[in-house]
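One-letter residues, chain by chain:
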Amino acid sequence: MLKAERLTKRFGGNTAVNAVDFTINQGEITAIIGPNGAGKTTFFHLISGFHRPTSGRLLLEGKDVTKKPPYHMAKIGVARTFQTTKLFAEAAVIDNLMIGHRLRTRSGFWDAVIRTRRYRTEEEKCREKALQVLEFVGASDLANRPVASIPQEAQKRVAIALALSTDPKLVLLDEPAAGINADETNGLADLIKKMKQAGLTVCIIEHKMQMIMNLADRIMVLNQGTKIAEGAPEEISRNESVIEAYLGGAHHAQAR
Amino acid sequence: MKKNPVHNRVSKLAVPVLTLIAAAIPLLTSNTYYLDIFIKVFIWTIAVSGMNIIAGYTGQLSLAHAGFFGIGAYALGLLMTKAEMPFLPSLAIAVVLTGLVGSVVGVISLRLKGHYFAIFSLCVGVIILLIIEKWESLTEGVRGLLGIPIPKIGSLEFATISAQYYLILFFLILTLLVNRRVIHSLVGRTFLSIRNSEELAEALGINVMQSKILAFVYSTVLAGLAGALYAGYIRFLGPDIANVEHTFDMLLYLLVGGISTLWGPLVGTALVTVLMQWLQSWQEYRMIIFGPILVILVMFLPYGIIGAFVRRKMKRQWEQEMQENSIERPGMRDQRLAGGELDA
Amino acid sequence: MEVELFFQQIVNGLVLGSVYSLVALGITLIYGIMQLPNFAHGHLYMLGAYLTLFMMTMYGFHYWPAILVSVAVLVLIGMLLERLVFRPLHNAPHINSMIAAVGVMLFIEALARKMWGSDYHRLDSPYEDAISLFGLTITQQRLIIIIAAIVLMIGLNLFLKRTVIGSTIEAMAQNREGAFLVGINANKVSLLTFGIASGLAAAAASLAAPINLVYPSMGAMVNLKAFVIIVLGGMGSIPGAVLGGYILGLAESISGTYINSEYKDLAAFVILVLILTLKPTGLFAKEAR
């Protein structure tokens, strides 16, 4: 579905992502792992339009989208969350999600002023979608709460709901399990499986190995900007260069 | 921003009720001094509501606003005097022209972020002022553009101050109604999302640049409308109306009333104008207190009067909802998340 | 004759540029450290001139001592502003500090009008005479301005590079996060920076005052142009402020003589519009994406 060809990003003298080839297959859960500073989030930025690649190509369903800006990527079906949970802090949860669906509406200024039928239908559609995705992530009771007042774990679920409200084909999750406990991590894993069952393609950056090993269909390992391994979880957990990359770190690649 | 029955009921009644009250005023008093104050409040409210859209809702501080007010005013003035056009067509052209200039400026300037945009817009405002001042062959420069004819629509001549009052009140109501539609719509929500977080808005597929330009052009249209109405009312113009000072005045009105609220512009403009008139004897000190008031407002009451009111209401509402559903407070929940002790 | 006129304009351009640079330096320092476009800076400039005038007329100070007092007072005022107004607003949305700067600006202008009236005042300096230099006649004051400005800029540079406090300021302007990690006290740095910037403005105004008159809105135009300069030169860039200041000064002087003096004020803003249209990140800024 998404194909990265020799994708490279250089900042001045620093090469954050180095000629990475990677394919995300439709309907799969793909994971990107690697030690801190490996360039995982930069890679996400590259495939979602937030960074322009220094060189290389990006193809979505066969079409070249290398230089497209973020809003274009969202429109063609790439949604994402951010490492530090990004939500519209000054609004209620449902308001956040209604904006999420805006890109699928065509109403403009005049539609809003005159309240054309198209406008009214689309506003309803946004509201319905918002409630729908809220239910999907299991946070329906949070609809009218101000975002700033809900706990961290719930915020993460809302962030995922926000990505879902854009009606995406591919969802990129950047460390969705950071800072939540074991129960919540399991809940999150269930949610991601549910997303896969619903027909979505998911790509996730994570550090929690146990979760990744049980969840992912395929894994790519990055170290210092370069891809050092790719394959099914069992292969990765036995891969020598992967184990070496993590040596000395807080993680070990053995699934438990 | 959330749909809430009480809020909507009040809002729906507010406009008709206020319109009735406002319409009744010239019938109750023929004191030209008071009517003049009202008219000026109406005119500036239209302009301030424009500033509200771009700065309040979309979060881009445009300091060129008085410049666009000037363009609208001079456009109407020149069309009616030198081109001898009647009022309505002149008004329409003035407004459209201001919007056109606004779109050109917007496309160039909105590529700049944050502070850059504010500074750039400040310079644009100054450029407009300088052009009006120096292009004497067109605008009469500092001599002033005099003798703008009395506005006439068909055979209806707006010769008396009461007539002007109703004319301008009409446009104010129109502006408020359109603004309400815009603000409480997906378009308004889009603007707010940009103010909240441009990056997130982009990630959600919103063409941020396009929305910013829309907000900006709309704000200049309102500034131009206000300017044109001003020209038709005062009937003589000097370059000073495009002075940056007026932009700061409008900023003050907006802040006092409540940034990014529907009624903020009206409340703020009315309050400050009336207050300033009351304190006429303090005219000398007027400007000395303006400044500190701005500072204090921005430090302690950044959401203005209406804003503070709205936030308090929302907070109370939410607390009520929590009690009704006996949801645990987030503080407690957080403790559990962190694995701390909890007696609950 | 032609050549003489040209060099005359060059000198004028350098004089203008000196004043602009000093003001722009202050603004760029404040922006670099506090991420605040100080819209009130032109009014601090104006206050500096008034204080110098005040010291000379009211208390009979001589020129240079009066300037010293004015600079000292402005340094204090600058620090007061940072402490009372801008530091509390540091974590609020940017728009709030900008509005506060506007508020301060309005206050200072109104105060000046109240205390000294709206009339134009002359500030007499002991350097009224003209001297002949390389066949050109220029007033001593103009020469003083250029020399004093260069001295101040060299002094500032030495301060920033050679003293501990100075390098702290520079470190923080370059890398805020890193500075915090190393334990630099941001509050103290902001305080000092605001003070220094205000002092520079006072010096610039006092130097320029004998040539232009002293009046309440004397800072407004200078301020605007200083902003143009730092936007073009890179907000927070010290070399950009200096270079930009002189370029603008020369551009204005030359265009004023050879193109059209009526529109010379426009020059600055037209340049800004042109450059920002072509390069929205300014001339010296780094790439964002």
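Reading the values: the criteria
Residues numbered from 1 in each chain as written. Chains lettered and ligands numbered in written order. Predicted model: local features only at pLDDT ≥ 70, side-chain atom pairs only at ≥ 80, totals over all residues. Heavy atoms only, no water. Salt bridge = Lys/Arg side-chain N within 4 Å of Asp/Glu carboxyl O. Helix = DSSP H or I, 4+ residues; strand = E, 2+ residues; numbered from the N terminus. Buried < 20%, exposed > 50% of the residue type's maximum accessible area, 1.4 Å probe, protein only. Contact = heavy atoms within 4.5 Å. pLDDT = per-residue confidence, 0-100. Pairing = 2+ DSSP bridges. Axes fitted to C-alpha atoms, helices over the stretch in contact; angles between N-to-C directions. Parallel < 35°, antiparallel > 145°, perpendicular 65-115°, else oblique. Left-handed = near helix turned anticlockwise from the far one by under 90°. Core = buried A, V, L, I, M, F, W, Y, C linked by side-chain atoms within 4.5 Å. Domains from an automatic or database assignment. Expected span 1.5 Å × (residues − 1). Phe/Tyr/Trp six-rings, centres within 6.5 Å; stacked < 30°, edge-to-face > 60°. Lys NZ or Arg CZ within 6 Å of the ring centre and 35° of its normal. Buried area = accessible area lost by both parts, 1.4 Å probe. Polar contact = N/O pair within 3.5 Å; in protein donor to acceptor, adjacent residues only side chain to side chain. Patch = residues over 30% accessible without salt bridge, like charges linked within 9 Å, V, L, I, M, F, W, Y side chains within 5 Å. Areas by Shrake-Rupley, 256 points an atom, 1.4 Å probe, with all protein chains shown as cover.

## Thoughts on the pattern of salt bridges
All names here are of chain A. Taken as a whole and judged by the stated rule, the model has 22 salt bridges over all chains. For E61, the salt bridge goes to K169, with nearest N and O atoms at 3.2 Å. Taken together, the positions of E61 in the loop between β4 (55-60) and β5 (63-64) and K169 in the loop between α6 (152-164) and β7 (170-174) put the pair 108 residues apart, joining distant regions of the chain. Taking the relative accessible area as the measure of exposure, K169 reaches 38% and is therefore partly exposed.

## Structural notes on the environment of F216(B)
Residue and element names in this part refer to chain B. Within the element layout of this structure, F216 appears in helix α10 (residues 208-234). In the structure, F216 is positioned 46 residues away from F170 in sequence and 23 Å away in space, judged by C-alpha atoms. Residue contacts for F216: discarding those within four places in its chain leaves I54, S62, F68, G102, V105, G106, L110 and F117.

## Examining unusual backbone geometry
Most peptide bonds adopt trans geometry, and most residues besides glycine take a negative phi value. Positive phi, normally seen in glycine, also occurs at A19(A), with a value near 45 degrees. Note that A19(A) resides in strand β2 (residues 14-24).

## Topic: the confidence of the model for chain B
Residues and elements named next belong to chain B. Averaged over chain B, the pLDDT score is 83; the fraction of residues at 70 or greater is 88%. Across residues 1-6 the pLDDT falls below 50, and counting only partners more than four positions away or on other chains, this stretch makes twelve contacts in the model. Low pLDDT (under 50) marks residues 328-344, which in the prediction has 21 contacts with non-local residues, meaning those over four places away or in another chain.

## Examining the sheet that holds β2(A)
Residue and element names in this part refer to chain A. If you trace the four strands from one edge of the open sheet to the other, you get β2-β1-β4-β5, paired in antiparallel fashion. Across the chains shown, the open sheet's two edge strands, defined by having one partner strand only, are β2 and β5. In terms of strand pairing, β4 meets β5 through two bridges, oriented antiparallel. Bridging from a neighbouring strand, L59 pairs with D64 of β5. Across the sheet, helix α1 (residues 40-47) touches β1 (2-11), β2 and β4, and the angle it forms with β1 is around 115 degrees.

## Looking at the packing of helix α2 (residues 41-59) of chain C against helix α3 (residues 63-86) of chain C
Residue and element names in this part refer to chain C. Look at α2 against α3: their axes get within 8 Å of each other, and the N-to-C directions meet at 140 degrees. The angle between α2 and α3 places the two elements in the oblique class. At the point where α2 passes α3, the crossing takes the right-handed sense. Here L44, L47, G48, L51, T52, M55 and M56 of α2 come into contact with α3, specifically with Y63, A66, I67, V69, S70, V73, L74, I77 and L81.

## A look at the nonpolar core
The nonpolar side chains of soluble globular proteins are, as a tendency, buried together. I192(A), I219(A), L237(B), F39(C), Y45(C) and F86(C) are the most contacted members of the largest nonpolar core, which totals 268 residues. Two domains share this core, each providing at least three of its residues, namely domain 1 (1-77 + 168-256) and domain 2 (86-167) of chain A. Not counting chain neighbours up to four residues away, the residues in contact with Y45(C) comprise V19(C), V23(C), A201(C), A204(C), A205(C), A208(C), M218(C), G219(C) and V222(C). Formed by 25 residues, the second largest nonpolar core is a distinct cluster that contains A4(A), L46(A), L58(A) and C203(A).

## Focus: α6(A)
Taking 1.5 Å per residue, 13 residues should reach 18 Å; α6(A) reaches 19 Å between its end C-alpha atoms and fits that length. With twelve of 13 residues buried, α6(A) is to be regarded as a mostly interior element.

## Quick notes on the packing of aromatic side chains
Taken as a whole and judged by the stated rule, the model has 23 aromatic pairs over all chains. Measuring from ring centre to ring centre gives 6.1 Å for F22(A) and F43(A), while their planes differ by 65 degrees; the resulting arrangement is edge-to-face. On the criterion of sequence distance, the pair formed by F22(A) in strand β2 and F43(A) in helix α1 is long-range, its members being 21 residues apart. Just as F22(A) is buried, F43(A) falls in that class too. An aromatic cluster of at least three residues, connected via ring pairs, comprises F38(B), F42(B), Y165(B) and Y166(B). In this arrangement the basic side chain of K86(A) is found over the ring face of F82(A), its NZ or CZ atom lying 5.1 Å from the centre. The aromatic ring of F136(A) is capped on one face by K194(A), whose charged end is 4.6 Å from the ring centroid.

## Focus on the interface of chain B and chain A
Contacts between the two partners involve 36 residues from chain B, matched on the other side by 42 residues from chain A. Here chain B packs against chain A, burying approximately 3,600 Å² in sum over the two surfaces, 64% of which is carbon and sulfur. Connecting chain B to chain A are two salt bridges. Of the charged contacts in the structure, one is a salt bridge between D95(A) and R189(B), with a shortest N-O distance of 2.7 Å. Counting every contact that joins chain B to chain A gives ten residue pairs in polar contact (both at pLDDT 80 or more). Residue contributions to the side of chain B that touches chain A peak at seven residues, all from helix α8 (residues 186-196) of chain B.

## Some details on the sheet that holds β7(A)
Residues and elements named next belong to chain A. If you trace the six strands from one edge of the open sheet to the other, you get β6-β7-β8-β3-β9-β10, paired in mixed fashion. The strands lining the two open edges of the sheet, one partner per strand, are β6 (78-80) and β10 (226-231). Ignoring strand direction, the axes of neighbouring strands in this sheet form an average angle of 20 degrees. Here five bridges tie β7 to strand β8 (residues 201-205), and the two strands are oriented parallel to one another. Looking at the pairing, L170 lines up with T201 of β8.

## Some words on the confidence of the model for chain C
Looking at chain C as a whole, the pLDDT averages 83, with 92% of positions reaching at least 70. In the predicted assembly, ipTM is 0.86 and pTM is 0.84.

## Considering a nonpolar patch on the surface
Taken together, the side chains of L271(B), I296(B), F300(B), L301(B) and I305(B) present a nonpolar region at the surface, about 460 Å² in accessible area. Its location among the elements puts I305(B) in helix α14 (residues 304-324).

## Notes on the side chain of N207(B)
Assignment of secondary structure puts N207(B) in the loop between α9 (198-203) and α10. Owing to a relative accessible area of 19%, N207(B) belongs among the buried residues under this scheme. Within the structure, N207(B) has its side chain in polar contact with the side chain of Y71(A) (distance 3.2 Å).

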